[in-house]
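Descriptive structure summary
Listed here are the chains, written in short residue letters.
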2 protein chains.
Amino acid sequence: MPTPARTSIQAIVAAGRAILDADGLDGLTMSRVAAAVGVRPPSLYKRVRDRSDLVRLIANDVASELTLTLDSAATSADPRANLRAIAGAFRAWALTHPEAFHLLFDRVPEHERIDPDLNARSAAALLRTTAELAGEADALEAARTVVAWANGFLGMELAGAFRLGGNVDRAFEYGVERLTRAIER
Amino acid sequence: MPTPARTSIQAIVAAGRAILDADGLDGLTMSRVAAAVGVRPPSLYKRVRDRSDLVRLIANDVASELTLTLDSAATSADPRANLRAIAGAFRAWALTHPEAFHLLFDRVPEHERIDPDLNARSAAALLRTTAELAGEADALEAARTVVAWANGFLGMELAGAFRLGGNVDRAFEYGVERLTRAIER
DNA sequence: ACCTGAACACCGTTCAAGT
DNA sequence: ACCTGAACACCGTTCAAGT
């Protein structure tokens with residue numbers, strides 16, 4: 001005798017994302033997710049293979065959100081302004097969603113990684129901009145340099161690693177400006 | 001009636017470091033550390049407050065090792081060559097000690113953070129070099145830009161984030177060269 | 001003074017039994 | 001077809017009892 005479904009994969013991922021944002025990856029237990037969607041923990045295994053699978057689905061969601069954020073920021077005709085806008089939007093997003101940032105950019109076990117095409121899509125806006133600045137031949141290398149710097153900077157800022165004084169906002173501006181000049185043809 | 005000590009804090013930290021390198025932070029269980037030093041798990045709590053405390057002590061060790069590595073690399077009179085050497089030594093160290101790298105540079109809970117003076121000491125060689133390249137006034141900002149880039153690059157390399165093709169070695173060289181020029185006065 | 005077994009509160013996950 | 005309680009193998013940690 002069939003029982004009607006009491007939850008859905010969408011509800012589970014949404015609840016997981018909310019718990020991630022609120023309490024981080026360590027707070028994301030199967031028990032809390034189950035409680036949030038109104039079932040018992042074992043029922044979750046009808047929709048996700050295991051916790052890693054759920055983490056991966058949440059990471060996909062987060063990647064899509066970030067792609068949207070970066071694309072919306074990259075609206076200028078001037079590539080220098082665009083790079084500045086993309087970097088600023090990235091930082092604002094990371095500072096308001098620190099746990100989501102870490103989920104995307106800290107070490108991620110193989111089976112929690114986002115889909116490759118989501119990865120490519122999130123890089124598109126930046127690649128267009130670096131192609132204009134550095135030329136097509138150096139676009140990928142230039143984009144990697146910028147992303148590495150931004151990831152590293154935000155990771156350190158979120159980790160509280162800037163403990164030698166100074167103004168962090170100014171250090172970010174300094175970095176954007178120098179990086180832009182560094183990759184320009 | 002006193003019982004002779006069967007282990008020591010040094011042995012515990014050393015065993016913990018070995019387990020970290022071999023199996024990562026998730027593999028670093030109190031049970032495995034205890035087995036490695038020949039006691040039962042509860043005995044560890046005579047030497048460390050809890051697991052976080054042990055992780056912090058291991059991180060201190062790792063930071064000292066990295067400082068030594070970077071200092072040994074920074075031997076040139078030419079600051080450009082020095083920056084290149086420091087970056088290269090950092091990358092080589094990170095690629096041979098990926099788990100230690102993550103322990104230092106991924107998100108770290110407050111009570112697992114290394115001692116502030118170890119932090120300052122590990123930055124010294126780089127700060128000397130960026131002061132020569134960018135001038136005293138911009139030395140800190142320049143160092144932050146370089147460290148952010150290097151941390152971000154290595155974090156992405158270790159995470160397998162460079163999935164859009166291209167040569168990773170070449171991207172690192174490209175980055176070092178561009179960064180050097182970017183921060184030069 | 002140090003070490004230990006037993007116990008506790010938590011995990012993720014499986015599975016037989018219920019509807 | 002989905003949901004559940006019970007169970008299992010793990011965690012970190014505490015503590016009374018042993019030497």
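Our subject is the structure that appears above.
From a predicted model like this one, the values you see are computed outputs, not experimental measurements.

**Re the protein's contact with DNA strand D**
Around DNA strand D there are 23 residues in total, and Arg6, Arg40 and Ser43 of chain A together with Tyr45 and Arg51 of chain B lie nearest to it. Counting only atoms of DNA strand D within 4 Å of the protein, the sugar-phosphate share comes to 67%. Residue Ser43 of chain A places a side-chain N or O atom 3.2 Å away from a phosphate oxygen belonging to DNA strand D. The backbone of Arg51 of chain B places a nitrogen or oxygen atom 2.9 Å from a phosphate oxygen of DNA strand D. Sorting the residues of the surface near DNA strand D by element identifies α3 (41-44) of chain A together with α2 (30-37) of chain B as the ones contributing at least two each.

**Quick word on the nonpolar core**
Trp93 and Trp149 of chain A together with Trp93 and Trp149 of chain B are the most contacted members of the largest nonpolar core, which totals 110 residues. If near-sequence neighbours (up to four positions away) are discounted, Trp149 of chain B is found in contact with Thr145, Ala148 and Trp149 of chain A together with Phe172, Gly175, Val176 and Leu179 of chain B.

**Some remarks on helix α6 (residues 98-105) of chain A**
Residues and elements named next belong to chain A. Of all eight residues making up α6, six are buried, and the element is well covered by its neighbours. Those residues of α6 that fall on the buried side of the exposure criterion are Glu99, Ala100, Phe101, His102, Leu103 and Leu104. Close packing links the buried residues of α6 with α1 (9-27), α4 (51-73), α5 (79-96) and α8 (139-158).

**Here we look at the relation of the copies chain B and chain A**
Note on the chain copies: they are related by a rotation about an axis and a translation along it. Taken as rigid bodies, chain B and chain A are interconverted by a rotation of 180° and an axial shift of 0.0 Å, the fit giving an RMSD of 0.0 Å. Read as a symmetry element, the transformation amounts to a two-fold axis. A high fraction, 100%, of the interface residues of chain B reappear at the interface in chain A, so the copies pair face to face through one surface.

**A look at the packing of α5 of chain A against helix α7 (residues 116-134) of chain A**
Residue and element names in this part refer to chain A. Where α5 contacts α7, the two axes come as close as 9 Å, and the packing angle between them is 145°. Seen from above, α5 lies across α7 with left-handed handedness. Mapping the contact onto sequence places Pro79, Arg80, Asn82, Leu83 and Ile86 in α5 and Ala125, Leu126, Thr129, Glu132 and Leu133 in α7. Among the residues making up the contact of α5 with α7, the classes are represented as six nonpolar, two polar and two charged.

**Quick notes on the packing of aromatic side chains**
Residues and elements named next belong to chain A. Summed over the entire model, instances satisfying the criterion amount to 14 aromatic pairs over all chains. Considering the side-chain rings of Phe90 and Phe101, the 6.0 Å spacing of their centres and the 45° angle between planes classify their relative orientation as tilted. Here Phe90, found in helix α5, pairs with Phe101, found in helix α6; they are eleven residues apart in sequence, far enough to count as distant. Ring plane angle 50° and centroid distance 5.7 Å describe the contact between Trp149 and Phe153, whose orientation is recorded as tilted. Placement of the pair is Trp149 and Phe153 together in helix α8, with a separation of four residues, close to one helical turn. Given the relative accessible area of 1%, Trp149 is considered buried. Its relative accessible area of 1% is what places Phe153 among the buried residues. Joined through ring pairs, the aromatic side chains of Trp149, Phe153, Phe162 and Phe172 make up one cluster. Its guanidinium or amino end placed over the ring of Phe172, Arg91 lies 5.0 Å from that ring's centre, counting from NZ or CZ.

**Brief notes about the pattern of salt bridges**
Tallying each qualifying case throughout the model produces 38 salt bridges over all chains. A salt bridge links Asp115 of chain A to Arg56 of chain A, with the nearest nitrogen and oxygen atoms 3.7 Å apart. Of this pair, Asp115 of chain A sits in the loop between α6 and α7 while Arg56 of chain A sits in helix α4, and the two are 59 residues apart along the sequence. Between Glu157 of chain B and Arg91 of chain B there is a salt bridge, with its nearest N and O atoms 2.8 Å apart. Of this pair, Glu157 of chain B sits in helix α8 (residues 139-158) while Arg91 of chain B is found in helix α5 (residues 79-96), placing the two residues 66 residues apart along the sequence. Here the salt bridges share partners, and the residues they tie into one network are Arg49, Asp50, Asp53, Arg56 and Asp115 of chain A.

The rules behind the values
Residue indices follow the written sequence of each chain, beginning from 1 at its first position. Chain letters start at A and ligand numbers start at 1, both assigned in the order the entries are written. Two thresholds apply to this predicted model, a pLDDT of at least 70 for residue-level local features and 80 or more for giving and counting side-chain atom pairs, whereas whole-chain, interface and lining totals are computed over all residues. The side-chain values count all of the structure's non-hydrogen atoms but skip hydrogen atoms and water molecules. Consider each residue's heavy atoms; a residue with any of them within 4 Å of a molecule or strand counts as near. Contacts described as polar in this section are N or O atom pairs within 3.5 Å, which, within protein, must combine one atom able to donate a hydrogen with one able to accept it, while residues neighboring in sequence count only if both atoms come from side chains. Secondary structure elements are defined from DSSP: runs of H or I of at least 4 residues count as helices, runs of E of at least 2 residues count as strands, and each element is numbered from the N terminus. Side-chain atoms within 4.5 Å are what join buried Ala, Val, Leu, Ile, Met, Phe, Trp, Tyr and Cys residues into a set we call a nonpolar core. Burial status follows relative accessibility: with a 1.4 Å probe on protein chains alone, a residue under 20% of its type maximum counts as buried, one over 50% as exposed, and anything between as partly exposed. For this analysis, residues touch if any pair of their heavy atoms sits within 4.5 Å. The copies were overlaid by least squares, fitting only the C-alpha atoms of residues that reach a pLDDT of 70 or more in each copy. Fitting a line to C-alpha atoms yields each axis, with helices limited to the stretch in contact; the angle taken between N-to-C directions then spans 0 to 180 degrees. Each crossing is labelled by how the near helix is turned from the far one, with a counterclockwise turn of less than a right angle marking it left-handed and a clockwise turn marking it right-handed. Here the term charged refers only to Asp, Glu, Lys and Arg, the term nonpolar to Ala, Val, Leu, Ile, Met, Phe, Trp, Tyr, Cys and Pro, and the term polar to all other amino acids, Gly among them. Pairing of aromatic rings covers Phe, Tyr and Trp, the last counted by its six-membered ring, and requires centre-to-centre distances within 6.5 Å; plane angles under 30 degrees mean stacked, over 60 mean edge-to-face, and any other angle means tilted. Criterion for a charge above a ring: Lys NZ or Arg CZ within 6 Å of the ring centre, and within 35 degrees of the ring normal. Note on definitions: salt bridges are taken to be side-chain nitrogens of Lys or Arg within 4 Å of carboxyl oxygens of Asp or Glu.

Such coordinate-based values are descriptive only and should not be taken to indicate function.
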